[in-house]
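# Understanding the architecture of this molecule
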Amino acid sequence: MPLRVRGPHAPASRWVIPELIGHTIVTVLMLISLHWFIFLLNFPVATWNIYRYIMVPSGNMGVFDPTEIHNRGQLKSHMKEAMIKLGFHLLCFFMYLYSMILALIND
């Protein structure tokens, strides 16, 4: 059975650049607005996203190259990274929600 190269990983690859841009913009905005804790929380993740995008080998289709994931057995590491990102985004969501509610109450 041949491996579908553009199969289930195409939607994941489509969101890499918007995630990279959005996370970098949020990080820079937190730096500009002097929210140091949130900036320091976001900076390593933004740096990791930029590093992963820059370090894609020249023959690969992108960060989520299906042939590389299946050939080298990288599926476990990609799943681990996805779960860590999910936890990070959930933490950020509740922190931002708390900050918004606090700002609305204080006004």
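Residues numbered from 1 in each chain as written. Predicted model: local features only at pLDDT ≥ 70, side-chain atom pairs only at ≥ 80, totals over all residues. Heavy atoms only, no water.

## With respect to the pattern of salt bridges
For clarity, the cut-off: Throughout this description, the term salt bridge denotes a Lys or Arg side-chain nitrogen within 4 Å of a carboxyl oxygen of Asp or Glu. Secondary structure elements follow DSSP: runs of H or I no shorter than four residues count as helices, runs of E no shorter than two count as strands, and numbering proceeds from the N terminus. Under the scheme applied here, a residue whose accessible area is under 20% of the maximum for its type counts as buried, over 50% as exposed, and between as partly exposed, the area being computed with a 1.4 Å probe on protein chains only.
With the rule as written, the count across this model stands at 2 salt bridges. Put simply, glutamate 19 and lysine 85 hold a salt bridge, and the shortest N to O gap is 3.1 Å. Of this pair, glutamate 19 sits in helix 2 (residues 16-32) while lysine 85 sits in helix 5 (residues 75-106); the two residues are 66 residues apart in sequence, bridging distant segments of the chain. A salt bridge links arginine 52 to glutamate 81, with the nearest nitrogen and oxygen atoms 2.4 Å apart. With arginine 52 in helix 3 (residues 36-54) and glutamate 81 in helix 5, the pair connects residues that are 29 residues apart, well separated along the chain. As far as the burial class goes, arginine 52 and glutamate 81 line up, both buried.

## Describing the UniProt feature "transmembrane region" (unreviewed entry) in the protein chain
Applied cut-off: UniProt positions are given in the numbering used here, feature names are shortened, and annotations may be inferred rather than shown by experiment.
According to UniProt, the positions carrying the feature "transmembrane region" (unreviewed entry) are residues 20-43 and 86-105. A helix fraction of 88% and a strand fraction of 0% characterise residues 20-43, whose end C-alpha atoms lie 12 Å from each other.

## Brief notes about helix 5
What counts here: To estimate the expected span of a helix, subtract one from its residue number and multiply by 1.5 Å.
If you check helix 5, its first and last C-alpha atoms are 46 Å apart, about what 32 residues at 1.5 Å a residue would give, namely 46 Å. Within helix 5 the residues assigned to the buried category are His78, Glu81, Lys85, Phe88, Cys92 and Met95.

## Here's the deal with the packing of helix 2 against helix 5
How we decide: In this description, a line fitted to the C-alpha atoms serves as the axis of each element, helices being fitted only across the stretch in contact, and the angle between N-to-C directions of two axes falls anywhere from 0 to 180 degrees. Each angle receives one of four descriptions, namely roughly parallel if under 35 degrees, roughly antiparallel if over 145, roughly perpendicular if within 65 to 115, and oblique otherwise. Crossings are assigned a handedness: left-handed for a near helix turned anticlockwise from the far helix by less than a right angle, right-handed for a clockwise turn. Every residue pair with non-hydrogen atoms within 4.5 Å of one another is taken to be in contact. Residue classes follow a fixed rule: Ala, Val, Leu, Ile, Met, Phe, Trp, Tyr, Cys and Pro count as nonpolar, while Asp, Glu, Lys and Arg count as charged, and any other residue, Gly among them, counts as polar.
Two elements in contact, helix 2 and helix 5, have axes separated by 15 Å at closest approach and are oriented at 40°. Taken as axis vectors, helix 2 and helix 5 run oblique relative to one another. You can see that helix 2 and helix 5 cross each other, and the crossing is left-handed. Contacts from Glu19, His23, Val26 and Met30 in helix 2 reach Lys85, Phe88, His89 and Tyr96 in helix 5. Taken together, the residues of the contact of helix 2 with helix 5 sort by class into 4 nonpolar, 2 polar and 2 charged.

## Remarks on the environment of histidine 89
Among the secondary structure elements, histidine 89 is positioned in helix 5. Taking the relative accessible area as the measure of exposure, histidine 89 reaches 36% and is therefore partly exposed. When the C-alpha positions of histidine 89 and asparagine 42 are compared, they lie 9.9 Å apart, and in sequence the two are 47 residues distant. Setting aside anything within four residues of it in sequence, one finds histidine 89 in contact with Glu19 and His23.

## Looking at the packing of aromatic side chains
Stated precisely, the cut-off is as follows: Stacked, tilted and edge-to-face pairs are distinguished by plane angle, under 30 degrees for stacked and over 60 for edge-to-face with tilted covering the rest, among Phe, Tyr and Trp rings (Trp via its six-membered ring) whose centres lie within 6.5 Å.
A complete count under the given rule lists 4 aromatic pairs for this structure. With centroids separated by 5.5 Å and ring planes inclined at 40°, the aromatic side chains of phenylalanine 39 and phenylalanine 43 adopt a geometry described as tilted. Of the two residues, phenylalanine 39 and phenylalanine 43 are both situated in helix 3; the distance of 4 residues between them amounts to about one turn of the helix. Their ring planes at 70° and their centres at 5.1 Å tell us that phenylalanine 93 and phenylalanine 94 sit as a pair that is edge-to-face. Judged by relative accessible area, which is 47%, phenylalanine 93 ranks as partly exposed. What links up through ring pairs into an aromatic cluster is the set Trp36, Phe39 and Phe43.

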